[in-house]
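# Remarks on the overall topology
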Number of protein chains: 2
Amino acid sequence: MTGIEEVARAAGVSTATVSRALSGRGRLSEATRARVRAAAADLGYVVSAAASTLASGRAENIGVIVPLLDRWFFATVLDGIAAQLAPRGYDMTLYNLTDDPSQRRGLFDTSLRRRRVDGVIVLSVVLTPEERRQLAELPVPVVGLGVPHAEIAGLRVDDTEVGRRATAHLLELGHRDIVHLGWVTPDGVDDGLDIPTRRRRGFVQAMAGAGIRAPRIADAGLTVDEARRRARELLTGPEAPTAIFAASDEMAYGVLSAARELGIDVPGSLSVVGVDGHDLAELFDLTTIEQFPHAQGERAGQAILAELGVDGVTAPAASLPFELVVRGSTAPRT
Amino acid sequence: MTGIEEVARAAGVSTATVSRALSGRGRLSEATRARVRAAAADLGYVVSAAASTLASGRAENIGVIVPLLDRWFFATVLDGIAAQLAPRGYDMTLYNLTDDPSQRRGLFDTSLRRRRVDGVIVLSVVLTPEERRQLAELPVPVVGLGVPHAEIAGLRVDDTEVGRRATAHLLELGHRDIVHLGWVTPDGVDDGLDIPTRRRRGFVQAMAGAGIRAPRIADAGLTVDEARRRARELLTGPEAPTAIFAASDEMAYGVLSAARELGIDVPGSLSVVGVDGHDLAELFDLTTIEQFPHAQGERAGQAILAELGVDGVTAPAASLPFELVVRGSTAPRT
DNA sequence: CTGAAAGCGCTTACAG
DNA sequence: CTGAAAGCGCTTACAG
């Protein structure tokens, strides 16, 4: 492969000048810069990442710690991150966080510490205290997105407000027998920083505001299937609700599916609202709180670039937007 | 950060020995190896990726070129790849291929040529001849997964057989008025190597086997929405089919949705079969050809590791398995 | 504005 | 089995 020496020779300058011309760092006359760039393009020269990183300390690479890579939400967030990083020449290295303790140890003890990345984005995962400590000790900035730990700074949707908003929508439609179907608060999160707890809290607050104390809350796993099972119980039990606020769109699909099986008309006899703005929500005609995961990813990308002092990137607001999208799965109580 | 010198001093050996002990390359007495490893663990020493890569030429990193990061299928494949790479200490750097020509040029001219990766996995994307040439010229192995170009070796599902199998299922149920709803063959693919063409071909072959010449074929975009629109036309037009073979599950959802809107009973009056084994196929009770995307990713990971000569990894078979999963969206013709 | 040279932190052929 | 030393290919403080 062509090296920097050949480019220097072709352009009639030193390797130092080639480096400066190509990286854009340091002052250089426009003429020299242009000549060097032309020579490099000519020869098809590209700077070796390893050599450049070793000499400069900059890797131009961002690590992203992501749980459950195959969930739609995270894939969309990743796409948003990539959209911010790529145009600035940053690569994105993925670290999939599983439940396997030895895999996790490998990630925190080794992979992240190889100095391969200039910064880390952590997508809503629950970390052990030890893992948080290791993250904090990394010599690079860390940005969280929906991470339920106070010590990891980052971006966050106001999920309490999300819960309130979804519930308010149902209350405005005249519903009173509303059940919130959430998912279980994971172990080890900081008090009230995890998403299910906050959505639940918003629900409770909104219901209280409408004079309803001790509203009904149910839990299920964060999957279509478990939500379907739980919804079946709720809808066939005594005092079937007239509305269900599901904590995610995929859980809402489970509710819709259970209703269909039981012959319960949506929205005639049951209103359903979800959260996420999932890909297929429109297909299901599901009312939901859209939370723009692509834009969340873009902001996370901006946040880490801003921390790195990349030119022209300013830190985005820490609070992420959301929006109620009313579709056909909710209707006035009859 | 701790360097290799400190570890050498702590263990009472040279840096060469530390390197050998930690990498596992070269002969070394067990005692020395253990002593060095203990010292390294003690000091929390981790080899610098940049220095190691520069000196050895090995990056322990695989690049993955992926289209449309937010589609479920590719996210699942990625998860499979990661599952193979991580345990062997390989990182995975994502290169999102968009339609933007300047972004693509940046990827092929620069990003991939920085010698940051030891190998590249390309997930079913359509490449220009120039891009293919650049890929072939990379000094690292390239493995394709469903790539529609003959010069990129790789893994592939026998999509002709997939089309035949899906169609055969409908024929066995007694259907004759079957429409295949596929997506448009992209420009620039090698003849008959792209997925939609092969599924279509399998459909035509199976129909011909049943004595049906010139069977009906429709095209739509590869999305729920476009499929829904197209299905609406098919189902309200003259000679509405009794069965539709959709070329993807997401397209099949569009068909189901159109049928629901039109009050057409599935599977009573219309049978629908898809392809993919999508996440939500069970929820929709959709008969489909499951093609195990997670396993596809694992195989692609194995394939690239095998090319790199990683210990204990053997090249998987190039032909990927699939399986008809019969659910409630198909039934005998009435 | 530009160059000579040291140095980034490892790996590995060579020698013993 | 182990070490001394060259070298991987850049970047950047220093000097001019």
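Everything here concerns the structure above.
These lines cover the structure that appears in this document, whether it is placed above or below.

The rules behind the values
- Residues numbered from 1 in each chain as written.
- Chains lettered and ligands numbered in written order.
- Predicted model: local features only at pLDDT ≥ 70, side-chain atom pairs only at ≥ 80, totals over all residues.
- Heavy atoms only, no water.
- Phe/Tyr/Trp six-rings, centres within 6.5 Å; stacked < 30°, edge-to-face > 60°.
- Buried < 20%, exposed > 50% of the residue type's maximum accessible area, 1.4 Å probe, protein only.
- Helix = DSSP H or I, 4+ residues; strand = E, 2+ residues; numbered from the N terminus.
- Expected span 1.5 Å × (residues − 1).
- Contact = heavy atoms within 4.5 Å.
- Polar contact = N/O pair within 3.5 Å; in protein donor to acceptor, adjacent residues only side chain to side chain.
- Near = heavy atom within 4 Å.
- Arc of directions from axis to C-beta.
- Axes fitted to C-alpha atoms, helices over the stretch in contact; angles between N-to-C directions.
- Parallel < 35°, antiparallel > 145°, perpendicular 65-115°, else oblique.
- Left-handed = near helix turned anticlockwise from the far one by under 90°.
- Nonpolar A, V, L, I, M, F, W, Y, C, P; charged D, E, K, R; others polar.
- Salt bridge = Lys/Arg side-chain N within 4 Å of Asp/Glu carboxyl O.
- Pairing = 2+ DSSP bridges.

In this section: the packing of aromatic side chains. All names here are of chain A. Under the definition given, this model contains seven aromatic pairs over all chains. Relative to phenylalanine 74, the ring of phenylalanine 73 has its centre 5.5 Å away and its plane inclined at 85°; by these criteria the two rings are edge-to-face. Both residues of the pair, phenylalanine 73 and phenylalanine 74, belong to the buried class.

Residues and elements named next belong to chain A. Counted at 1.5 Å a residue, the expected span for helix 11 (residues 249-262) with its 14 residues is 20 Å, and the 20 Å between its end C-alpha atoms agrees. Burial analysis of helix 11 places 11 of its 14 residues in the buried class, which makes it a mostly covered element. For helix 11, the set of buried residues is Asp249, Glu250, Met251, Ala252, Tyr253, Gly254, Val255, Leu256, Ser257, Ala258 and Ala259. Buried residues in helix 11 make contact with strand 6 (178-183), strand 7 (216-220), helix 10 (224-236), strand 8 (243-246), strand 9 (271-276) and strand 10 (287-290). Capping the start of helix 11, serine 248 holds a side-chain oxygen 3.3 Å from the backbone nitrogen of glutamate 250, two or three residues further along. Of the residues trailing helix 11, glycine 263 is marked for its positive phi of about 70°.

As a matter of local geometry, DNA strand C sits amid 24 residues, with A:Thr17, A:Arg27, A:Thr32, B:Ser19 and B:Arg58 nearest to it. Of what DNA strand C places within 4 Å of the protein, 69% of the atoms are sugar or phosphate. One of the side-chain N or O atoms of A:Arg20 is found 2.7 Å from a base nitrogen in DNA strand C. Here a phosphate oxygen of DNA strand C sits 3.2 Å away from a polar atom, N or O, in the main chain of A:Ser29. At the level of elements, helix 2 (15-23) and helix 4 (49-56) of chain A together with helix 2 (15-23) and helix 4 (49-56) of chain B are the ones that each hand at least two residues to the surface near DNA strand C. Top contributing element to the surface near DNA strand C by residue count: helix 4 of chain B, with four residues.

The next thing to look at is helix 6 (residues 101-110) of chain B. Residues and elements named next belong to chain B. For helix 6, the full list of buried residues reads Gln103, Arg104, Leu107 and Phe108. Down the axis of helix 6, the buried side of the element spans an arc of 120°, and every buried residue falls inside it. On its buried face, helix 6 is in contact with strand 1 (61-67), strand 2 (91-97) and helix 7 (129-137).

Before going further, it helps to spend a moment on the packing of helix 5 (residues 72-85) of chain B against helix 12 (residues 293-307) of chain B. The relative placement of two packed helices is expressed as an angle between their axes plus a distance between the axes. Residue and element names in this part refer to chain B. Relative orientation of the contacting elements helix 5 and helix 12 amounts to 45°, with a least axis distance of 6 Å. By the angle between their axes, helix 5 is oblique relative to helix 12. Between helix 5 and helix 12 lies a crossing whose hand is right-handed. Packed against helix 5, whose contacting residues are Trp72, Phe73, Thr76, Val77, Asp79, Gly80, Ile81, Ala83, Gln84 and Leu85, the element helix 12 presents Pro293, His294, Gln296, Gly297, Glu298, Ala300, Gly301, Gln302, Ile304 and Leu305 at the interface. Grouping the constituent residues of the contact of helix 5 with helix 12 by class yields 10 nonpolar, eight polar and two charged.

Let's shift gears to the pattern of salt bridges. All names here are of chain B. The final tally for this structure, using the stated rule, is 30 salt bridges over all chains. Across the salt bridge formed by glutamate 137 and arginine 133, the nearest N and O atoms sit 2.9 Å from each other. Of this pair, glutamate 137 and arginine 133 both sit in helix 7, separated by four residues, roughly a single helical turn. On the basis of relative accessible area, arginine 133 is assigned to the partly exposed category, the value being 38%. Salt-bridge contacts for aspartate 225 lead to arginine 228; the nearest nitrogen and oxygen are separated by 2.6 Å. Pair noted here: aspartate 225 and arginine 228 are both in helix 10 (residues 224-236), with a separation of three residues, about one helical turn. Classification of arginine 228 as buried rests on a relative accessible area of 11%.

Counting buried residues in strand 2 (residues 91-97) of chain A gives seven out of seven residues, a clear majority hidden from the surface. Burial along strand 2 of chain A is two-sided: the face carrying A:Asp91, A:Thr93, A:Tyr95 and A:Leu97 and the face carrying A:Met92, A:Leu94 and A:Asn96 are both buried. Sheet analysis places strand 2 of chain A next to strand 2 of chain B, joined by three bridges and oriented antiparallel. From the neighbouring strand, A:Thr93 faces strand 2 of chain B, where its bridge partner is B:Thr93.

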